[in-house]
Amino acid sequence: MKDSTVMRVSSSLEEKLCAYVEESSPRLVGIVQDLVRIPSENTPPTGNEQACQEYIAGALRKLGWAPELYRPIDVPGIEEHPLFWKGRDYSNRPNLGARRKGTGGGRSLVLTGHMDTVPAGTQPWTRDPFSGCVEGNRIYGRGSNDMKGGVATNLFIAEAIEKLGLRLCGDLVFETVVDEEFGGVNGTLAGRLKGYNADAAVISEPSWLRVCPAQRGGRTAHITLEVDPSGGILTEGEFPVGVADQLRYFLTKLQDFAGQRRAKAKVHDYYRHHVDPVPVSITKIFTGPWGTKEPITVPDNCRIEMYWQAMPGETQEEIEREFWEWFNAIVAAAPQLFHRKPQVEFPIRWLPGSFVLKGEPVVRELAACAETVLGKEPPIVGIEGPCDMYIFHQAFGIPAVLWGAKGGNTHAADEYLEIDSVVAAAKALLLFVCRWCGVVSEPRP
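Model, not experiment: these values are computed from the prediction. (Residues numbered from 1 in each chain as written. Predicted model: local features only at pLDDT ≥ 70, side-chain atom pairs only at ≥ 80, totals over all residues. Heavy atoms only, no water.)

**Q** It is not clear to me how the overall build of the protein chain should be interpreted in this structure. Could you clarify?
**A** Looking only at helices and strands, one finds ten helices and 19 strands in the protein chain. Relative to its length of 445 residues, the protein chain is compact, with a C-alpha radius of gyration of 24 Å against a globular reference of 22 Å. Its C-alpha atoms give the protein chain principal-axis dimensions of roughly 90 × 45 × 45 Å. Here the protein chain, with 445 residues, has 56% of them falling under the buried criterion. In the protein chain, the proportion of contacts linking residues at least 24 apart, taken out of those at least 6 apart, comes to 84%. (Helix = DSSP H or I, 4+ residues; strand = E, 2+ residues; numbered from the N terminus. Rg over C-alpha atoms; globule rule 2.2 N^0.38 Å. Buried < 20%, exposed > 50% of the residue type's maximum accessible area, 1.4 Å probe, protein only. Contact = heavy atoms within 4.5 Å.)

Below is the structure:
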């Protein structure tokens, strides 16, 4: 990594950059809306990110960039890589990568984000999930916050550099990857193996205007509880309880596991401010279809999705050993309930926690740019969930940080992005790109 940029970015230039973002904010909002209106849902093992990727590619070509669309599965060496996750279908799901060469002497930077979203789902939306409608300070729609707002910000930055006539000293890499949701990250791995790397990376996840150099780890388990069929609700004996007693027992014992995690996990400095640094939760409980088109019966099976998080430094072996010791113990303690041992599957890859130190230049300098824009020092903390940042840190030694706007209802109905927040995020990111890569000319009037 280069020690410094070719020239210091002047305060007058920074004022012009912030003014440009403010004046051009309707364009930023428009990009977010365009992306939200093009569905790119990830539905493992398939997805439909291609149309959004082609939108980005077309926008970059108009700027004079030469974007490359490529399937992750076609990158040499990816299937042999130990972090490759098998079983995904990448038909019509290309990654996008592009590099704008600098004049030389500056530091290089990757601006990256994932193009896939979780599905709109069956929860009731009060707005069309693909409308991108604006109400007050909010843009609504699936992916508006996670993370089409961040991808739009990166594209807006690329446009600003070209429209302002800025000549960066270091290379700027633009990337949008597929298949990050549901523990995919093959797209992020493919980008690194393809060579779209740099001295540092900013991942434009919604960080709520906090600089986040760390991510928590995450583990998901699907647990199936099952009893012998009851034969219906008319019976000569006791009324059947089905799987209800097993479920009640399991949920009660879950609190013990959560307490055990809080007591034993070594809390990382980036998470000391959290009330519950290692949360344990149930994200789905399913016993069968709902409604009057279904008969009234006592369920004899139940599927549970259990999700828990881990600190940076905890390993998959530690996390799974702790789970199995607890799980096997509670089942063994209630043989009268578990005539059949519950089945456990891990449908999503293990996602490890990861971090870089606060002293990393990318952390310090991005925080300084955010302070310039926000008028106060931004929090430097770990984000509250797993993502693909660990690929940069652990597999390729690239210091990476999360930076993005604020929104809400992420992964839920009526997801939204706050407009003033994404404008502030864009200002700080544009300042950072110029400071980090270096600029050799003033912008055009």
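**Q** What am I meant to see in the side chain of Glu180 here?
**A** The residue Glu180 is located in the loop between β8 (172-177) and α5 (186-194) in this model. It turns out Glu180 is buried and unbridged, and the closest side chain with the opposite charge, Arg88, is 9.3 Å from it. Setting aside residues up to four positions removed in sequence, Glu180 forms contacts with Asn42, His114, Asp116, Val185, Glu205, Cys387 and Asp388. (Lys, Arg positive; Asp, Glu negative; His and termini not counted. Salt bridge = Lys/Arg side-chain N within 4 Å of Asp/Glu carboxyl O.)

**Q** For this particular structure, what's the right way to read the sheet that holds strand β11 (residues 217-226)?
**A** Pairing is antiparallel in the open sheet, where four strands are placed in the order β12-β13-β11-β14. Taken across any chain shown, the strands that pair with only one partner, and hence form the sheet edges, are β12 (280-286) and β14 (343-345). Ignoring which end each strand starts from, the neighbouring axes of this sheet average 20 degrees apart. The pairing of β12 with strand β13 (residues 301-310) spans six bridges and is classified as antiparallel. In the strand pairing of β13, Ile285 is matched with Ile304. In the packing of helix α6 (residues 244-264) onto the sheet, the strands contacted are β11, β12 and β13, and the crossing angle to β13 comes to about 5 degrees. (Pairing = 2+ DSSP bridges. Axes fitted to C-alpha atoms, helices over the stretch in contact; angles between N-to-C directions.)

**Q** Honestly, the pairing of β8 in this entry has me stumped. Any pointers?
**A** Regular strands have side chains that alternate between both faces of the sheet. Here β8 lies mainly inside the structure; six of its six residues are buried. Alternating residues of β8 divide into Leu172, Phe174 and Thr176 and Val173, Glu175 and Val177, and every residue in both groups is buried. Taken together, the five bridges between strand β4 (residues 95-100) and β8 define a ladder with antiparallel strand orientation. Across the sheet, the residue bridging to Arg100 is Leu172, located in β8. Bridge analysis of strand β5 (residues 109-114) against β8 gives six bridges, and the strand direction is parallel. Pairing of Thr112 across the sheet is with Glu175, part of β8.

**Q** So what exactly am I meant to see when it comes to the packing of aromatic side chains here?
**A** To describe a pair of aromatic rings, one takes the distance between the centres and the angle between the planes. Throughout the structure, instances matching the rule amount to 18 aromatic pairs. Relative to Trp326, the ring of Phe323 lies with its centre 6.0 Å away and its plane at 55 degrees, an arrangement referred to as tilted. Of this pair, Phe323 and Trp326 both sit in helix α7 (residues 316-332), three residues apart, which is roughly one turn of that helix. Among the residues examined, Trp326 registers a relative accessible area of 6% and is labelled buried. Lying across the ring of Trp436, Arg107 places its NZ or CZ 3.8 Å from the centre. Sitting over the face of the ring of Tyr140, Arg127 holds its NZ or CZ atom 3.8 Å from the ring centroid. (Phe/Tyr/Trp six-rings, centres within 6.5 Å; stacked < 30°, edge-to-face > 60°. Lys NZ or Arg CZ within 6 Å of the ring centre and 35° of its normal.)

**Q** What is the right way to look at the environment of Phe396 in this model?
**A** When you line up the elements, Phe396 lands in helix α9 (residues 389-396). Given a relative accessible area of 26%, Phe396 falls into the partly exposed group. A C-alpha to C-alpha distance of 7.5 Å links Phe396 and Arg192, two positions 204 residues apart in sequence. Other than its neighbours up to four places away in sequence, Phe396 contacts His81, Leu189, Arg192, Leu193 and Ile391.

**Q** I keep staring at empty space enclosed by the protein and nothing clicks. Help me out?
**A** Over the atoms rolls a probe the size of a water molecule, and its path tells where empty space is left. Applying the stated criterion across every chain yields a total of one cavity of 30 Å³ or more. Of the volumes computed, that of the largest cavity is approximately 80 Å³. Looking at the largest cavity, it is lined by 14 residues, and the ones nearest its centre are Gly149, Gly150, Ser204, Gly404 and Ala405. Of all elements in the fold, only α4 (144-163) and α10 (419-437) reach the threshold of two or more residues within the lining of the largest cavity. Sort the elements by how many residues they give to the lining of the largest cavity and α4 lands first, with four residues. (1 Å grid on protein atoms, 1.4 Å probe; cavity = no way out; pocket = protein on both sides within 12 Å on 5 of 7 lines; lining within 4 Å. Points joined across faces, edges and corners; volume = space filled by probe spheres on them.)

**Q** I would appreciate a short explanation of the environment of Lys266 in the present structure.
**A** Within the secondary structure layout, Lys266 lies in the loop between α6 and β12. Distance from Lys266 to Val278, taken between C-alpha atoms, is 9.5 Å for residues twelve residues apart in sequence.

**Q** Where do I start with the layout of surface pockets in this structure?
**A** If you add up the space inside the largest pocket, you get close to 1600 Å³. If you trace the largest pocket, you find 47 residues lining it, with Val118, Glu181, Tyr307, Thr410 and His411 closest to the centre. Looking at the lining of the largest pocket, the elements with two or more residues in it are α4, β11, β12 and β13. For the lining of the largest pocket, the residue count by class is 19 nonpolar, 15 polar and 13 charged. (Nonpolar A, V, L, I, M, F, W, Y, C, P; charged D, E, K, R; others polar.)

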